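Working through the structure, step by step
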Amino acid sequence: MTSTPTPDLVEAVSVAAQRAPISWSSITGRGYTPAERWVVAFDDGTRAFAKFGTTELVAGWLRREQRAYAEIAGPFMPRMLGWADGQIPVLLLEDLSDAYWPPPWRTGQIDRLLAALDLVAATPCPDWATPIGDLGIFDGWSLIASDPEPFLGLELVSAASRHGCPASPPRVDRCQRR
């Protein structure tokens, strides 16, 4: 990834934000896809997290993600600030770079996390969304089961849970269809 955005990316953000950014900071080493990621700043001091669909596959995923931001609401989601569906689609989200990202966990944060997860679980799923368990592409739970100490070190589970991880994740059936 370059440290200077291409003219196509500058144009995409300008369309999505309806104004031109004045500075760009590339985000590397994060995310789960090859989407290109930047934090862009505007002349009024505001910033946005910009995510680009730089391949056909990632562009399709980004379109679904934008649809989720447009149709699902809750205090657990960053605000969608803009969207442009051009040759290189771009999704602009509230920049959370300055937020505190545990671990370590501070007093009360786990309770707030659990409350937020209850809100997520109670949020209706759009009819078009594929339940994550039906995708069959995630092997994260087997990685945790094979080496549970890093996960257990987050202290998100009780001491009783430290005796081992189940071979497969618990089934999540709490998502209600609209």
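Residues numbered from 1 in each chain as written. Predicted model: local features only at pLDDT ≥ 70, side-chain atom pairs only at ≥ 80, totals over all residues. Heavy atoms only, no water.

1. Here's the deal with the pairing of strand 2 (residues 36-41)
- Within strand 2, 6 of the 6 residues are buried, which leaves it mostly tucked inside the rest of the structure.
- Residues E36, W38 and V40 point to one face of strand 2 and R37, V39 and A41 to the other, with burial holding for every one of them.
- The sheet contact formed by strand 1 (residues 23-27) and strand 2 spans 5 bridges and is antiparallel. If you follow S26 over to strand 2, its bridge partner there is W38.
- As paired strands, strand 2 and strand 3 (residues 47-52) are joined by 6 bridges and run antiparallel to one another. The residue of strand 3 that forms the bridge with V39 is F49.
- From the end of strand 2 to the start of strand 3, which pair antiparallel, there are 5 residues, and G45 there has a positive phi angle of about 90°. (Buried < 20%, exposed > 50% of the residue type's maximum accessible area, 1.4 Å probe, protein only. Helix = DSSP H or I, 4+ residues; strand = E, 2+ residues; numbered from the N terminus. Pairing = 2+ DSSP bridges.)

2. What to know about the confidence of the model for the chain
- Looking at the chain, the pLDDT average stands at 84 and 83% of residues meet or exceed 70.
- Counted against residues more than four places away or in other chains, residues 171-177, with its pLDDT under 50, gives 12 contacts. (pLDDT = per-residue confidence, 0-100. Contact = heavy atoms within 4.5 Å.)

3. Brief notes about the packing of aromatic side chains
- Counted according to the given criterion, the structure contains 2 aromatic pairs.
- Between the aromatic rings of W24 and W38, the centroid separation amounts to 5.4 Å while the plane-to-plane angle is 85°, which identifies the pairing as edge-to-face. In this pair, W24 is assigned in strand 1 and W38 in strand 2, connecting sequence segments 14 residues apart. Note on accessibility: W24 and W38 belong to one class, buried. (Phe/Tyr/Trp six-rings, centres within 6.5 Å; stacked < 30°, edge-to-face > 60°.)

4. Focus on the pairing of strand 5 (residues 90-94)
- Of all 5 residues in strand 5, 4 are buried; the element is thus mostly enclosed.
- The pairing of strand 4 (residues 80-84) with strand 5 spans 4 bridges and is antiparallel. Of the residues in strand 5, the one forming a bridge with A84 is V90.
- What sits between strand 4 and strand 5 in their antiparallel hairpin is a turn of 5 residues.

5. Examining the nonpolar core
- Membership of the largest hydrophobic core comes to 15 residues, with the highest contact counts inside it found for V13, W24, V40, A50, F52, V90 and L92.
- Among the secondary structure elements, those contributing two or more residues to this core are helix 1 (7-17), strand 2, strand 3 and strand 5.
- Among the elements that take part in this core, helix 1 stands out by supplying 5 residues, more than any other.
- When neighbours within four sequence positions are excluded, W24 is seen to be in contact with P5, L9, V10, V13, W38, V39, V40 and F52.
- In terms of nonpolar packing, the next biggest core, distinct from the first, is built from 7 residues, A68, Y69, I72 and L93 among them. (Core = buried A, V, L, I, M, F, W, Y, C linked by side-chain atoms within 4.5 Å.)

6. Some details on the sheet that holds strand 5
- With antiparallel pairing, the 5 strands of this open sheet are ordered in space as 1-2-3-5-4. The open sheet is flanked by strand 1 and strand 4, the only strands paired with a single partner. For this sheet, the mean inter-axis angle between neighbouring strands, taken without regard to orientation, is 25°. (Axes fitted to C-alpha atoms, helices over the stretch in contact; angles between N-to-C directions.)

7. Overview of unusual backbone geometry
- Geometrically, the link from P102 to P103 is a cis peptide bond, its omega value of 5° lying close to zero.
- Structurally, P103 is set in the loop between strand 5 and helix 3 (109-122).
- In this structure, P104 follows P103 across a cis peptide bond, with omega equal to 0°.
- One can find P104 in the loop between strand 5 and helix 3.
- Even without glycine at this site, Q18 takes up a positive phi of about 60°.
- Within the element layout of this structure, Q18 appears in the loop between helix 1 and strand 1.
- Since its relative accessible area comes to 73%, Q18 is described here as exposed.

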